[in-house]
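Letter by letter, the chains look like this.
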Amino acid sequence: MDKIIKTLSNDGYFRAYALDATQTVAEAQTRHKTWPSSTVALGRTLIAAQMLGANQKGDDTITVRVQSNGAITMMIAVADTRGNVKGYIKEPNVDYKRGSTGEVLVGDVVGQGWFSVVKDMGLKTPYTGQTPLISGEIGEDLAYYLTTSEQTPSAIGLNVLLNEDETVKVAGGFLVQVMPDAPDAEIAALEARIQAMPAISNLLRSHDHSKAILDAIYGQDQYKILEESALAFHCDCSRERFSDGIKSLGKTEIESLITENHGAEIICQFCETVYDFSENNLKDLIKNDE
C-alpha cells in the first residue's frame, strides 16, 4: 500500500514528508499505457501533487499543471487532502532520453514552460500560482514554485525507477520545509545534510526507502511521526457526472448525437474509463430534462 509519513523535528524547526507512491504511478502507467519517459514524467507530477495535497486541509483540491515546449507538452495531476490523485499526460508515448546508467531523464523531454498550481479551497475564486520551469525535472520545479510563489523554502526529491521490462519498480520522494522560527544555525545544518544526502534514486532503492529518506534528512536529530496515511491513484469520475455533462449540451445537440452517431462514447482523460451511452440512454436524458 502506498503511504505518506508526516514528521516534525523534536525542536519544531522542520517538517518532512516521505512518500511511497509506487502503486499510484504503476496504476497511472497501466491506465494511460505510457512509455518510459512519459511514465516517469507523469509519475513525478503525480507525486508532486500528492505532496501539495498533504499540505492542505478539509476538502481542498490541488491541481498541478506542467505546460512546456518539449516532447511532453502537458501534464495535469489533481490531488485531494486524503492522498488520492489522478493524472493526465497529453503525450503518453515518449521514450528517448536515458542517462549512462539507463535511468530515464525527464528535463529534456519536458523542456521549457510553466509550472502552475491551482488550489480549490471552496472559495468563489481558486488560488492560482505559476512559475517558470527551471529544469523540467519536476522536483526542482516544485521546490522553486514553493520558494518563489508561496515563500516557503523547501527541499524536494522525487523520482520513478523502472524495471528492465519498463514497468514501475519504485516511486516516491520527500518534502522538507523550514518552520518560521527556525534559527539560522539550524537551517544551515539542515542544508548541509540535504546537500550530503545520497541521490533520491539511491535512497529509493533501499529496502525501506521511507525510513532511509527520513534518516538522511534528520541525521542525528530526533523527530516524531505525526501521521502515516494511505496514498492512491483514484479518479472521481462517474457515469452520473458525464450524464450531466451531456445534458448540459442541450436537447438539439443530444438529438444530433442520436441521429448522426447513434449514441455517444466518453473517455475520462484522467483514468481512461470508457462510458457508453446508447441511443436509448440519450433519449432518456432528454426526457428526464424536460
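Identification of the chain as 33 kDa chaperonin from Pseudolactococcus paracarnosus is taken from an unreviewed UniProt entry. On record in UniProt, under Sequence similarities (unreviewed entry), the comment for the chain is "Belongs to the HSP33 family."

Engineer: Teacher, can you tell me more about the packing of aromatic side chains here?
Structural biologist: Geometrically, a pair of aromatic rings is defined through the distance of the ring centres and the angle of the planes. The tally for this structure, following the rule as stated, stands at four aromatic pairs. Ring plane angle 45° and centroid distance 5.1 Å describe the contact between F242 and Y275, whose orientation is recorded as tilted. Taken as a pair, F242 in helix 8 (residues 239-247) and Y275 in strand 13 (residues 274-278) lie far apart in primary sequence, 33 residues in all. Looking at K6, its charged tip hangs above the ring of Y17, at a distance of 5.7 Å from the centre. The side chain of K86 reaches across the aromatic face of F270, ending 4.6 Å from its centre.

Engineer: How do you make sense of the domain arrangement of the chain when you look at a structure like this?
Structural biologist: Buried accessible area, meaning the area lost when the parts come together, often serves as the stated size of an interface. When the domains of the chain are assigned, the result is domain 1 (3-233) and domain 2 (239-288). Listed per partner, the contact involves eight residues of domain 1 and five residues of domain 2. Interface area, domain 1 with domain 2, both sides summed: about 590 Å², of which 59% is carbon and sulfur. Area buried by domain 1 at its contact with domain 2 is led by R31, K86 and Y88, which between them contribute 64% of it. Linking domain 1 with domain 2 are zero salt bridges. Counting the contacts that link domain 1 with domain 2 gives three residue pairs in polar contact (both at pLDDT 80 or more).

Engineer: So what exactly am I meant to see when it comes to the pattern of salt bridges here?
Structural biologist: Two side chains carrying opposite charge are able to pair once their charged atoms lie near each other. Following the criterion strictly, the structure yields twelve salt bridges and no others. Residue E27 pairs with R31 through a salt bridge whose shortest N-O separation is 2.7 Å. One end of the pair is E27 and the other is R31, both in helix 1 (residues 22-32) and four residues apart, which spans about a single turn. The partner of D80 in a salt bridge is R82, and the shortest N-O contact between them spans 3.4 Å.

Calculation rules
Residues numbered from 1 in each chain as written. Predicted model: local features only at pLDDT ≥ 70, side-chain atom pairs only at ≥ 80, totals over all residues. Heavy atoms only, no water. UniProt positions renumbered as here; feature names shortened; annotations may be inferred. Phe/Tyr/Trp six-rings, centres within 6.5 Å; stacked < 30°, edge-to-face > 60°. Helix = DSSP H or I, 4+ residues; strand = E, 2+ residues; numbered from the N terminus. Lys NZ or Arg CZ within 6 Å of the ring centre and 35° of its normal. Domains from an automatic or database assignment. Contact = heavy atoms within 4.5 Å. Buried area = accessible area lost by both parts, 1.4 Å probe. Salt bridge = Lys/Arg side-chain N within 4 Å of Asp/Glu carboxyl O. Polar contact = N/O pair within 3.5 Å; in protein donor to acceptor, adjacent residues only side chain to side chain.

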